[in-house]
Number of protein chains: 2
Amino acid sequence: MSSRNSNEAEELVSQANDKAQKGHTSKSGKKSAPKKPSKKAEAHIEGASQLGVEVRKEVDFSLWYKQVLKRSEMLEYYEEVSGCYIIRPLAYNIWQEIQNFFDAAIKEMGVEDTYFPMFVSQRQLEREKDHIEGFAPEVAWVTKAGSNTMESPIAIRPTSETVMYPYFAKWIRTHRDLPLKLNQWCNVVRWEFKNPQPFIRTREFLWQEGHTAHFTKEEADTEVYQILELYRQVYEDMLAFPVIKGIKSEKEKFAGGLYTTTLEGFIPTTGRGVQAATSHCLGQNFSKMFDIVIEDPSAPAGPDGKDAKKMYVWQNSWGISTRAIGVMVMVHGDDKGLVLPPRVAATQVVVIPCGITSKTTEDEKKCVEDKINYVVKEMKSSGIKAKADLRENYSPGYKFNHWELKGVPIRLEIGPRDLSKQQTLMVRRDNGVKEPIPLADLTSRISDTLKCIQKDMFDRAKKVYDDHVKLVLKWDDFVPNLDNKNFVLAPWCEEEKCEDSIKEKSTRHNTEQEAEDEKAPSMGAKTLCIPLEQPSDPPIIPGETKCVSCGGLAKRYTLFGRSY
Amino acid sequence: MSSRNSNEAEELVSQANDKAQKGHTSKSGKKSAPKKPSKKAEAHIEGASQLGVEVRKEVDFSLWYKQVLKRSEMLEYYEEVSGCYIIRPLAYNIWQEIQNFFDAAIKEMGVEDTYFPMFVSQRQLEREKDHIEGFAPEVAWVTKAGSNTMESPIAIRPTSETVMYPYFAKWIRTHRDLPLKLNQWCNVVRWEFKNPQPFIRTREFLWQEGHTAHFTKEEADTEVYQILELYRQVYEDMLAFPVIKGIKSEKEKFAGGLYTTTLEGFIPTTGRGVQAATSHCLGQNFSKMFDIVIEDPSAPAGPDGKDAKKMYVWQNSWGISTRAIGVMVMVHGDDKGLVLPPRVAATQVVVIPCGITSKTTEDEKKCVEDKINYVVKEMKSSGIKAKADLRENYSPGYKFNHWELKGVPIRLEIGPRDLSKQQTLMVRRDNGVKEPIPLADLTSRISDTLKCIQKDMFDRAKKVYDDHVKLVLKWDDFVPNLDNKNFVLAPWCEEEKCEDSIKEKSTRHNTEQEAEDEKAPSMGAKTLCIPLEQPSDPPIIPGETKCVSCGGLAKRYTLFGRSY
């Protein structure tokens, strides 16, 4: 497929979306409604304006996602190069929060930050065969500089194993040089031809990639799971996004690695899974390809001229990307827009003056504004990210919508009547609950509520996830559960042939109408992971429990699902 | 010139360097010394090993710079793609310190971080004519993805004006959308064909680029100088690297901008200048090209259907790059290696056990090590970045060299005899001064000394810089001062023709031997900047003071020099 065709295809999709969208904005005037009622029309939210979200999440998820991202000012579509997007401050701030947490945590583990070039020669890129097979179709190539054609094309990193490991070979000489633990925060490019999706599948994205080398497999193993646990903390504790820890099947593991551990998330609205972050043990495969060797300290060079025994190092690589921002939006957002977990919200509390009417005196108005400025200052000095919205030319209602769209966790309303009672009305973004709060207790109550929102958001999402993981023992229950937008947890033989067959057997052959509607995905089920935490009831009985699909002997419960 | 030739030329240079270097390592055994005595041979430091720096900074600056960077483990040469380098943790840590300071400072100013794609279409890139003329010869083009040829090539950003400003046009509608202040930390690519130099001139580099839009020129002007002042703080207060603030000549200003303010630094060893950071006022040039307009609030749309008056916004862009790390090394490093200013040193104090001999008892040894661990902990809890080097298999002398090479500001030596006196020997990296310190006062004395080192390093560098800026009133003194590795500060007419003529007249036509030696650069003098702080003695008398070169009327004193 040529790049041209792909771009055109995307443009058609994009135009179709734009058209649908224009239909919805008919309230604003000139445009007529679409000719025949469609799913898209159903999605329209009564009374919504172009400033807010105009479609229901449950009805047209794909358009809803696009609108939430654009109108909350998290992201802008980049028209110049399809599959690329502009990460705006509201979203970039979340990335910086993730960076701050994760970078400090890995530094505690002795990992050091570094920066390797983004360019890699064809020769180097192709040094590890399985690895390049995994990435080759998506590599972007630089072939010209100024008006000169380069002698040989230079690739832009899709990941940096082949960029870094020649230098690992250079720097690592003895076991005293181990462990070597490096990390970089950078952009990578994977020129995918599948339909792009903001944050979820983009041609350029930001991530961190850790690359480490160890003396023993045990040390490497330990680190793989330490990092996986940090990733879990990013997702569950910061983004309130529940994940399941597991191991990828052989077919789904990192190209060229020994084994891949993963966090698998779930998007309830579509019933689709999403790979949230991966931590790979590369084993000795890359160290053999790149000749990263040390002298075995237990078999040093002998006085008889005998060479020291060589040992290949054990390596890991691990990464988390800006995809995290997208899945957080998908899970928590609602028909009013974003819902941000307090820990990653740039603004946690917005304070809005209310109840100012034509009868309010200038003095009263000033009192309200002074009080608002005072409480904002007070909250800030307690480490709460608070902000006043004192704009003159907007109504309270407009401001409510504005900050709801942007997902600010708490809104405080203060008016002359509240002042006389020495209180403020607190409104939670996540559940809409309103509660008057005495101004005297404000900062402590707000702190507690922010923690409570963080926990509630996670707990709710966790319950939904748990409810959608169905334990299935026989094939007849497999596809119906999938079709009901669930994951399936089933005993599996762990054979690749069986994996392919499950995918084939679970592929829906949709009508055209269904295919258009993302909620009934036609794709087959993949193995998402073999969960670290295995169900105990019923347990897998070795030599007895049967694979859900082929009837062979099952090894472990495996999580299956349709996936992004 | 084709890319191939350029790569070959660099490789020849690199091979020549390697050859020279191999000559120097003759101590280690097999290799013979170079056949005839050369500058390179003179440069060799007696007794130096391959672990440390083997050449004198004053004798072979270019090789010294390369060795210091490589052997201190600041940087690694990237063999795959010439002109690209690996920024290792010791150097990357300095970049992170700069990021932390600068990012916090601009956020205080209301600037928000963002991330735009690295790709830009040819059409977009070429929208501003002067701008693209400045960058076109160095643009890297992606033309293939996987095995597909793209319909039209896509550029990698050399800078992001043309990437960002179409979106400024989209986002800015009224004066209430102003100011818009965005910043991004990213990589950029400028495929230069000049001889690359680590940190100083590299094909990929890291930087921040700020892009802002304002309602009035006054606001834009104010910000240009606020940012320039922050850059000064990065260089002078963090890196102890003195700079001169000034304005670029019309010829040297940013392509497409209105005016460019700059910090100009000085590398005493070569007598060459270096542009340290620039803050540009773009005026309304880009806003006109990209149609970034607002309705003039003083001339809104009339009820008679008259359109509102349009106003173009005023824009700035500003950037500082990883070049900062290189110039810091060039100025402060010495024949023992790096000298790091305390504010950017990842390790500020290293504590080394000394005086352990065969007569030392195990108990005494343990006492020393316990004390070292104790003082390191104590210093750390006071915010001092301290580290113990308790490695068994290395001598104190080896460790001294090791940490001197890495530029650690303070070394503490503790042995059994020091313990009995309750003291430690403190050795300053910047001036070699040794002083016993009572252990009781340790953290306060170390804190004070770190501050003192920071100040002394700046003061020394500042004095050297000041001594090398020569006020010149007549042409006869111009080139001799330049040739003595000085900058020249002279009254100038500010005409481009005269600027070209000065460059031509100050170009040395060196012998081959001289050309090989970087200390006698053959290049002509450029205008570095018109300093904000103008000499007052003698003052420029309008209509009277003559230009140093053409004899026309001088406008201001201008700083001239040979430059990187």
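Because the structure is a prediction, the values reported are computed rather than measured. (Residues numbered from 1 in each chain as written. Chains lettered and ligands numbered in written order. Predicted model: local features only at pLDDT ≥ 70, side-chain atom pairs only at ≥ 80, totals over all residues. Heavy atoms only, no water.)

A. Summary view of the overall build of chain A. In terms of helices and strands, chain A carries 17 helices and 23 strands. Classification of the 564 residues of chain A by burial places 57% in the buried group. Of all intrachain contacts in chain A linking residues separated by at least 6 positions in sequence, the fraction that spans at least 24 positions is 68%. Of the roughly 24100 Å² that chain A leaves accessible, carbon and sulfur atoms contribute 50%. (Helix = DSSP H or I, 4+ residues; strand = E, 2+ residues; numbered from the N terminus. Buried < 20%, exposed > 50% of the residue type's maximum accessible area, 1.4 Å probe, protein only. Contact = heavy atoms within 4.5 Å. Areas by Shrake-Rupley, 256 points an atom, 1.4 Å probe, with all protein chains shown as cover.)

B. The sheet that holds strand 5 (residues 140-145) of chain A, seen in detail. Here we have 6 strands laid out as an open sheet, ordered 4(A)-6(A)-5(A)-5(B)-6(B)-4(B), and antiparallel in their pairing. The open sheet is flanked by strand 4 (119-121) of chain A together with strand 4 (119-121) of chain B, the only strands paired with a single partner. Looking at each pair of strands side by side, their axes are set apart by 45 degrees on average, direction ignored. (Pairing = 2+ DSSP bridges. Axes fitted to C-alpha atoms, helices over the stretch in contact; angles between N-to-C directions.)

C. Up close: the interface of chain B and chain A. Of the residues lining the interface, 65 residues belong to chain B; the matching set on chain A comes to 65 residues. The junction of chain B with chain A conceals about 5500 Å² of combined surface from both sides, 56% of it contributed by carbon and sulfur atoms. Three residues stand out in chain B for area buried against chain A, namely Glu 80, Tyr 115 and Phe 119 of chain B, and they jointly supply 12% of the buried area on that side. Counting the contacts that link chain B with chain A gives 6 salt bridges. Ionic pairing is found between Glu 76 of chain B and Lys 170 of chain A, a salt bridge with its closest N-O pair at 3.4 Å. At the boundary of chain B and chain A, one finds 38 residue pairs in polar contact (both at pLDDT 80 or more). Both strand 5 of chain A and strand 5 (residues 140-145) of chain B contribute to a ladder of 5 bridges, which runs antiparallel. Counterpart to Val 142 of chain A in the pairing with strand 5 of chain B is Val 142 of chain B. (Buried area = accessible area lost by both parts, 1.4 Å probe. Salt bridge = Lys/Arg side-chain N within 4 Å of Asp/Glu carboxyl O. Polar contact = N/O pair within 3.5 Å; in protein donor to acceptor, adjacent residues only side chain to side chain.)

D. Main features of the sheet that holds strand 9 (residues 244-247) of chain A. Residue and element names in this part refer to chain A. If you walk across this open sheet you meet the 11 strands as 3-7-8-14-11-10-9-22-23-21-20, and the pairing is mixed. Looking at which strands have only one partner, the edges of the open sheet turn out to be strand 3 (112-113) and strand 20 (469-471). In this sheet, strand 11 (residues 272-283) lies alongside strand 10 (residues 259-267) in antiparallel orientation, the contact comprising 9 bridges. The partner of Ile 267 across the bridge, within strand 11, is Arg 272.

E. Here's a closer look at the environment of Pro 196 of chain A. Assignment of secondary structure puts Pro 196 of chain A in the loop between strand 7 (180-189) and strand 8 (204-214). Note: C-alpha distance between Pro 196 of chain A and Asn 148 of chain A (48 residues apart in sequence) is 32 Å.

F. Expanded view of the pairing of strand 8 (residues 204-214) of chain B. All names here are of chain B. Among the 11 residues that make up strand 8, 11 are buried, leaving the element largely enclosed by the rest of the structure. In strand 8, alternate side chains face the same way, and those of Glu 204, Leu 206, Gln 208, Gly 210, Thr 212 and His 214 on one face and Phe 205, Trp 207, Glu 209, His 211 and Ala 213 on the other are all buried. One ladder, built from 10 bridges, connects strand 7 (residues 180-189) with strand 8; its direction is antiparallel. The partner of Trp 185 across the bridge, within strand 8, is Gln 208.

G. Focus on the pattern of salt bridges. Throughout the structure, instances matching the rule amount to 78 salt bridges over all chains. Put simply, Arg 445 of chain A and Glu 435 of chain A hold a salt bridge, and the shortest N to O gap is 2.7 Å. With Arg 445 of chain A in helix 14 (residues 442-467) and Glu 435 of chain A in strand 19 (residues 434-438), the pair connects residues that are 10 residues apart, well separated along the chain. The class of Arg 445 of chain A is partly exposed, set by a relative accessible area of 25%. Among the charged side chains, a salt-bridge network with shared partners connects Lys 70, Glu 76, Glu 79 and Arg 88 of chain A together with Lys 170 of chain B.

H. Expanded view of the nonpolar core. Met 74 of chain A together with Met 74 of chain B are the most contacted members of the largest nonpolar core, which totals 210 residues. When sequence neighbours within four positions are dropped, the list of residues in contact with Met 74 of chain B reads Leu 69, Ile 86, Ile 87, Arg 88, Leu 90, Ala 91, Ile 94, Ile 325, Met 328, Val 329, Leu 338 and Leu 340 of chain B. (Core = buried A, V, L, I, M, F, W, Y, C linked by side-chain atoms within 4.5 Å.)

I. The relation of the copies chain B and chain A, seen in detail. Overlaying chain B on chain A yields an RMSD of 0.0 Å, the required transformation being a rotation through 180 degrees with an accompanying axial translation of 0.0 Å. Between the two chains, the operation in question is that of a two-fold axis. Taking the C-alpha atom as reference, chain B places Val 142 of chain B closest to the rotation axis, 2.1 Å from it. (Least-squares fit on C-alpha atoms with pLDDT ≥ 70 in both.)

J. Spotlight on the side chain of Arg 88 of chain A. You can see Arg 88 of chain A is positioned in the loop between strand 2 (85-87) and helix 4 (89-108). On the accessibility criterion, Arg 88 of chain A (10% relative accessible area) is buried. Contact partners of Arg 88 of chain A, with chain neighbours within four places excluded, come to Glu 73, Met 74, Leu 75 and Glu 76 of chain A together with Asp 113, Thr 114 and Trp 171 of chain B.

K. Up close: the domain arrangement of chain A. Along its sequence, chain A is carved into domain 1 (3-77), domain 2 (94-117 + 157-332), domain 3 (343-462) and domain 4 (469-561). For domain 3 of chain A versus domain 4 of chain A, the distance between C-alpha centres works out to 47 Å. (Domains from an automatic or database assignment.)

L. Spotlight on unusual backbone geometry. Backbone torsion omega between Leu 178 of chain A and Pro 179 of chain A reads -10 degrees, so that peptide bond is classified as cis. By the secondary structure assignment, Pro 179 of chain A is in the loop between helix 7 (161-171) and strand 7. Between Asp 537 of chain B and the following residue, Pro 538 of chain B, the backbone shows a cis peptide bond with an omega angle of -5 degrees. If you trace the backbone, Pro 538 of chain B turns up in the loop between strand 22 (526-531) and strand 23 (556-561). In this structure, Phe 199 of chain A takes a positive phi of about 70 degrees despite not being glycine. In this structure, Lys 485 of chain A is a non-glycine residue whose phi angle is positive, near 60 degrees. Structurally, Lys 485 of chain A is set in the loop between helix 15 (478-483) and strand 21 (487-492).

M. Layout of the UniProt feature "domain: Aminoacyl-transfer RNA synthetases class-II family profile" (unreviewed entry) in chain A. On the UniProt side, "domain: Aminoacyl-transfer RNA synthetases class-II family profile" (unreviewed entry) is annotated at positions that read residues 92-341 of chain A here. Secondary structure over residues 92-341 of chain A splits into 30% helix and 32% strand, and the C-alpha atoms at its two ends are 15 Å apart. (UniProt positions renumbered as here; feature names shortened; annotations may be inferred.)

N. Molecular detail of helix 14 (residues 442-467) of chain B. The end-to-end C-alpha distance of helix 14 of chain B is 37 Å, a good match for the 38 Å that 26 residues give at a rise of 1.5 Å each. Turning to helix 14 of chain B, its buried residues are Leu 442, Ile 446, Thr 449, Leu 450, Ile 453, Gln 454, Met 457, Phe 458, Ala 461 and Tyr 465 of chain B. (Expected span 1.5 Å × (residues − 1).)

O. Summary view of the pairing of strand 7 of chain A. Residue and element names in this part refer to chain A. Most of strand 7 is tucked away, with 10 of its 10 residues classed as buried. In strand 7, alternate side chains face the same way, and those of Leu 180, Leu 182, Gln 184, Cys 186 and Val 188 on one face and Lys 181, Asn 183, Trp 185, Asn 187 and Val 189 on the other are all buried. Here strand 3 pairs with strand 7 via 2 bridges, running parallel. When the sheet's bridge partners are listed, Asp 113 is paired in strand 7 with Asn 183.

P. Main features of the packing of helix 11 (residues 362-381) of chain A against helix 14 of chain A. Residue and element names in this part refer to chain A. One way to put it is that helix 11 packs onto helix 14 with a least axis distance of 10 Å and a crossing angle of 60 degrees. Taken together, the axis directions place helix 11 and helix 14 in an arrangement best described as oblique. Crossing angle aside, the handedness with which helix 11 passes helix 14 is right-handed. Residues Val 375, Glu 378 and Met 379 of helix 11 form the contact with helix 14, whose participating residues are Leu 442, Thr 443 and Ile 446. Each residue belonging to the contact of helix 11 with helix 14 can be placed in one class, and the counts come to 4 nonpolar, 1 polar and 1 charged. (Parallel < 35°, antiparallel > 145°, perpendicular 65-115°, else oblique. Left-handed = near helix turned anticlockwise from the far one by under 90°. Nonpolar A, V, L, I, M, F, W, Y, C, P; charged D, E, K, R; others polar.)

Q. Region of the structure containing the packing of aromatic side chains. Residue and element names in this part refer to chain B. Under the defined criterion, the tally for this structure stands at 52 aromatic pairs over all chains. A ring pair is formed by Phe 102 and Tyr 231, whose centres lie 5.1 Å apart and whose planes are at 15 degrees; its orientation type is stacked. Of this pair, Phe 102 sits in helix 4 (residues 89-108) while Tyr 231 sits in helix 8 (residues 217-238), and the two are 129 residues apart along the sequence. For the pair Phe 102 and Tyr 231, one class covers both residues: buried. With a centroid separation of 6.1 Å and 70 degrees between ring planes, the pair formed by Phe 102 and Trp 318 is classed as edge-to-face. You can see Phe 102 sitting in helix 4 and its partner Trp 318 sitting in strand 14 (residues 314-321), a full 216 residues away along the chain. Across the pair, Trp 318 and Phe 102 agree in class, each one buried. (Phe/Tyr/Trp six-rings, centres within 6.5 Å; stacked < 30°, edge-to-face > 60°.)

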